[in-house]
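For reference, the chains in residue letters:
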Amino acid sequence: MLQRLSYLFVIFVLFPLVIWTGLAMSPGFVSAFPATVTVFGGQQSARTIHFFVALALVLFLLVHVGMICVAGFRSRMRAMITGRADGTHTERT
Amino acid sequence: MTDISRRKLIIGGLAATAGISALGVAARIAQKYGLVPPDHGGIYGLGETLTYASQRLLTRHSLAREFSRSQISNPPFANEMAPLSEGYKRLQAGGFADWRLTVDGMVARPASFSLHQLKSFPSRSQITHLACEEGWSYIAEWIGVPLSHVLDAVGVQPQARYVAYFSIDPDWWDSVDMADALHPQTFLAYGMNGNELPVGNGGPLRMRIPRQLGYKSVKFITHLTVTDSMKGFGKGLGSMEPEGGYAWYAGI
């Protein structure tokens, strides 16, 4: 449950936020679409949020890879690439 | 392994060929419309080209945000600089009366302007945001002469594509394409927040390009060259920035 919530949060909140705040720091992009940065109250605010989100993403990455290593790195990588679950390990739902 | 049918192979091959030739066509179109930046080579070249081309298409006529007087940063921020040269100090001692802006290259009437002459041109003031690559930024009111006006005064030839601008420091120079050079918010600033441009902020004359990062707004401008190719300057990458690992086009 926690895994599902965190994955949803990363995919639908953190990634869009980090991309949006990143674009907000581009003077070229912002000149064409000023709302990108004004919703954050300015470029410095966008920058701060960007750094916090980036930190959160790094922490997520560490936990994510850590979990995989604990649960069986090779079989999970094989399953992710070929799409075929290995019969000798139980399926995780 | 799964079987790959002949049909799938043929369709896959056609798709791949179509994709590769589309890339070739796109590259030629980009070249024709001036969407390829001078620093298009090397490892970062593809990324720089994609950034420059897409932003040039999006932002041809966009304006950087202008703020109200109450939003001006107080105190104005002046970052650390290298020690000023002897030549600069001499000009400073003379009150910059002998400061000259020479304009040459693909122009009909190469000229040399004094600060006094530049101040007699129609001036423009704008309150814009300067953001450095390093992360700091500030808002100030800049007063100066639009670069387009100076270029009109010297008569730019039609095949010109870039304006290169040089600081009194010989290692510090940059360039912009004509779209940015003729943009209404691009100008040579000689005043800031109602006063003369302070030395710490680039006085007596600096370039202001508000739609790109701060390092394009070079300080202590003494020389402009109008050209159709940046290949003859430095290492031919468009400015000294790519030589240091940064991007030539800094709208990011």
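Nothing here was measured: the structure is a model prediction, and the numbers come from that model.

Peer 1: Help me out: how do you make sense of the overall build of chain A in this one?
Peer 2: When you go through chain A residue by residue, the secondary structure sums to five helices and zero strands. In chain A, the order of α-helices and β-strands from amino to carboxyl end is α-α-α-α-α. Dimensions along the principal axes, computed over C-alpha positions, put chain A at roughly 55 × 20 × 20 Å. Taken across its 93 residues, chain A has 15% of its residues classed as buried.

Peer 1: Just checking my understanding: could you explain helix H4 (residues 43–71) of chain A for this structure?
Peer 2: Working note: α-helix, 3.6 residues per turn, so residues spaced by three or four point in the same direction. If you check H4 of chain A, its first and last C-alpha atoms are 42 Å apart, about what 29 residues at 1.5 Å a residue would give, namely 42 Å. Gln 43, Ala 46, His 50 and Val 53 of chain A are the residues of H4 of chain A that are buried. Elements in contact with the buried residues of H4 of chain A: helix H1 (2–24) and helix H3 (35–38) of chain A together with strand S3 (124–131) and strand S4 (137–146) of chain B. The first or second residue beyond H4 of chain A is Gly 72 of chain A, which carries a positive phi of 115°.

Peer 1: Mind showing me how you'd approach the confidence of the model for chain B here?
Peer 2: Low-pLDDT stretches of the model should not have their predicted coordinates read in fine detail. Considering every residue of chain B, the mean pLDDT works out to 86; 98% of them sit at 70 or more. Of the two predicted TM-score estimates for the complex, the pTM is 0.79 and the ipTM is 0.76.

Peer 1: Before we go on, may I ask you to explain the interface of chain B and chain A in this structure?
Peer 2: Bring the parts together and some accessible area is lost; that lost area is often taken as the interface size. Each partner contributes residues to the interface: chain B has 17 residues there, and chain A has 11 residues. For the side of chain B that touches chain A, the secondary-structure elements that each account for two or more residues are helix H2 (45–58) and S3 of chain B. A class-by-class count of the residues in the side of chain B that touches chain A yields seven nonpolar, eight polar and two charged.

Peer 1: Could you clarify how one ought to interpret the environment of Gly 238 of chain B in this entry?
Peer 2: All names here are of chain B. Positionally, Gly 238 belongs in the loop between strand S10 (221–227) and helix H7 (240–243). With 28 C-beta atoms counted inside 10 Å, the residue Gly 238 sits in the buried group. Non-local contacts of Gly 238, meaning those with residues more than four positions away in its chain, are made with Pro 37, Pro 38, Asp 39, Ser 175, Met 230 and Trp 248.

Peer 1: Looking at this structure, how should I read the pairing of S3 of chain B?
Peer 2: The side chains of a regular strand alternate, first on one face of the sheet and then on the other. All names here are of chain B. The pairing of S3 with S4 spans eight bridges and is antiparallel. Residue pairing across strands places Arg 124 opposite Gly 144, the latter belonging to S4. A loop of five residues connects S3 with S4, the two strands running antiparallel in sequence, and Gly 135 in this loop sits at a positive phi of about 120°.

Peer 1: What should I look at first to understand the sheet that holds strand S1 (residues 100–105) of chain B in this one?
Peer 2: Adjacent strands of a sheet form backbone hydrogen bonds with each other and so pair up, either parallel or antiparallel. Residue and element names in this part refer to chain B. Strand order across the open sheet formed by five strands is S2-S1-S10-S5-S6, with mixed pairing between neighbours. Single-partner strands in this sheet number two, and they are strand S2 (111–114) and strand S6 (173–177). Neighbouring strand axes in the sheet, compared pairwise and without regard to direction, differ in orientation by 20° on average. Bridging between S1 and S10 involves four bridges; their strand directions are parallel. Looking across to S10, one finds that Gly 105 is bridged to Val 226.

Peer 1: What should I look at first to understand the environment of Arg 65 of chain B in this one?
Peer 2: Relative to the assigned elements, Arg 65 of chain B resides in the loop between H2 and helix H3 (86–93). C-beta crowding within 10 Å serves as the criterion here: with 19 such atoms nearby, Arg 65 of chain B is assigned to the partly exposed category. When neighbours within four sequence positions are excluded, Arg 65 of chain B is seen to be in contact with Pro 34 of chain A together with His 129 of chain B.

Reading the values: rules and limits
- Residues numbered from 1 in each chain as written.
- Chains lettered and ligands numbered in written order.
- Predicted model: local features only at pLDDT ≥ 70, side-chain atom pairs only at ≥ 80, totals over all residues.
- Helix = DSSP H or I, 4+ residues; strand = E, 2+ residues; numbered from the N terminus.
- Buried ≥ 20, exposed ≤ 12 C-beta atoms within 10 Å, placed from the backbone.
- Expected span 1.5 Å × (residues − 1).
- Contact = placed C-beta atoms within 7 Å.
- pLDDT = per-residue confidence, 0-100.
- Nonpolar A, V, L, I, M, F, W, Y, C, P; charged D, E, K, R; others polar.
- Pairing = 2+ DSSP bridges.
- Axes fitted to C-alpha atoms, helices over the stretch in contact; angles between N-to-C directions.

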